[in-house]
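Listed below, chain by chain, are the residues.
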Amino acid sequence: MELEISAGAGIEAELRTLHADAQQRALTEHILALADQAGYGAALIDAVALGQAEAAVITWPQFAHMVRAAARGLSRRGLQQGDTAGIFVGDAISHAVAVHAVRAAGAMAAAVRPTRSAADIAAQLKQGQARLLITSAGLADLAIQAAERSWVRQVFAFGEAEGTTPFDSLVQTPRHGQPQAGDTTSRDGHGDELAPEQVFELAELGLEADRVAPQLIRRPVPRLTCRDVVVAAPPCGDPEAYTSLLDLALAAGATVVAAPLAQITAALGVYKGTAAIVPRGTDVPGLPAGRILAVG
């Protein structure tokens, strides 16, 4: 009898996982379809090096191309439907590109909780049964140590890092004109808000209330649109909640600006940010509490 209960619980858990996986892939398909019909507005802006003459800007067509090309590259290198790929990167843009590339390949993206311990990362990778890991050059040493203690067989990195395969080898992004920050052209090219059915709420993304800071529970979740500019700190707190908040922004057609936590306020001013994704308890001057998407 105990065996029957255990088996039933295992099947139920597997079905829940498959359902969540299908929802995530559907969301990625929605975002890529939005990108196909959007203009050349900015989808992602790398503001990590504020103060330099030019920040890296990825337009919506570039984002869609990167995700699809990387997905094909990952598939060629053995990533299959039903597989899990770990995501351990240092900034919001790398996180978004990696997550959606893995989903577009038919696999599940498992974001790793930020930590300085290779053993902890390895445990997370084992728990998710990840066979592939995507990281950043600055985190590569730690990622490789963790991979050696887990079942991971391939490590891809944004940037050059010894012992890894460059993520750029999966995709070459076409060059387009560099748009101004905030030039978030909508599907019809006139900057209008997305239709209600195109605006995702947290519940529709499967984000549980206890994964979000109290100010989000007490107040309505902001309905982001293509007019919004969301400044996002590096991956923080609960990785599932962080991923869902980035999904919320991209699914609404908003521009995501990646900025170090210490430069969030400066980035909000430079890019005219209207919302922010930050760790719980972070003070964000100039933004109403309802526009602070806090991850615990």
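No experiment lies behind these values; they were computed from the predicted model shown.

Trainee: Quick rundown of the overall build of the protein? Include the residues and the values.
Mentor: When helices and strands are counted, the protein shows 8 helices and 11 strands. Relative to its 296 residues, the protein shows a buried fraction of 50%. Taking contacts inside the protein between residues at least 6 apart in sequence as the whole, the part at least 24 apart equals 72%. As presented, the protein carries roughly 13,800 Å² of accessible surface, and 50% of it is formed by carbon and sulfur atoms.

Trainee: Which residues make up the sheet that holds strand 5 (residues 132-136), and what are the values?
Mentor: Judged by pairing direction, the sheet is parallel, and its 5 strands sit side by side in the order 4-3-5-6-7 without closing on themselves. The open sheet terminates on both sides in strands that have one partner only, identified here as strand 4 (108-111) and strand 7 (165-166). In this sheet, strand 5 lies alongside strand 3 (residues 84-88) in parallel orientation, the contact comprising 4 bridges. Bridge pairing in strand 5 places G86 opposite L133. Those strands touched by helix 3 (residues 92-104) are strand 3, strand 4, strand 5 and strand 6 (154-158), and its axis lies near 180° from that of strand 3.

Trainee: Explain the packing of aromatic side chains to me, using residue names and the numbers behind them.
Mentor: Counted according to the given criterion, the structure contains 2 aromatic pairs. Between W60 and F63, the aromatic rings sit 6.2 Å apart at their centres with planes inclined by 85°, giving edge-to-face as the arrangement. One end of the pair, W60, and the other, F63, are both in helix 2 (residues 60-76), 3 residues apart, so they sit about a helical turn from each other. Here W60 and F63 have matching classes, each one buried. With a centroid separation of 4.3 Å and 25° between ring planes, the pair formed by F158 and F167 is classed as stacked.

Trainee: Provide a residue-level description of the pairing of strand 5, including the pertinent values.
Mentor: The element strand 5 is extensively covered by neighbouring structure, given that 5 of its 5 residues are classed as buried. In strand 5, alternate side chains face the same way, and those of L132, I134 and S136 on one face and L133 and T135 on the other are all buried. Note that strand 5 and strand 6 share 5 bridges and pair parallel. Within strand 6, the position partnered with L133 by the bridge is V155.

Trainee: Describe the pairing of strand 1 (residues 42-46), naming the residues involved and giving the relevant values.
Mentor: The buried count for strand 1 comes to 4 of 5 residues, which makes it a mostly enclosed element. Bridging between strand 1 and strand 2 (residues 56-59) involves 4 bridges; their strand directions are antiparallel. Opposite A42, over in strand 2, you have T59 as the bridge partner. Taken together, the 3 bridges between strand 1 and strand 9 (residues 255-258) define a ladder with parallel strand orientation. Across the sheet, I45 pairs through a bridge with V257, a residue of strand 9.

Procedures and definitions
Every chain is numbered independently, its residues counted from 1 as its sequence is written. It should be noted that, the model being predicted, local features are given only for residues of pLDDT at least 70 and side-chain atom pairs only at 80 or more, the latter also being counted only at that level, while totals for whole chains, interfaces and linings use all residues. As a rule here, side-chain values come from all non-hydrogen atoms in the structure, and water together with hydrogens is ignored. By definition, any uninterrupted DSSP run of H or I lasting at least four residues is a helix, any uninterrupted run of E lasting at least two residues is a strand, and each is numbered from the N terminus. Type-normalised accessible area, obtained with a 1.4 Å probe on protein chains alone, sets the label of each residue: buried when under 20%, exposed when over 50%, and partly exposed for intermediate values. It only takes one pair of heavy atoms within 4.5 Å for two residues to be counted as in contact. Note on areas: Shrake-Rupley, 1.4 Å probe, and residue coverage restricted to the protein chains presented here. By definition, two strands form a pair when at least two bridges between them are found by DSSP. For every element, the axis is a line fit to its C-alpha atoms; helices are fit only across the contacting stretch, and the angle between N-to-C directions ranges from 0 to 180 degrees. Classification of ring pairs rests on two measures: the distance between centres of Phe, Tyr or Trp rings, Trp counted by its six-membered ring, which must be within 6.5 Å, and the angle between planes, read as stacked under 30 degrees, edge-to-face over 60 and tilted in between.

That is the geometry; function is a separate question.
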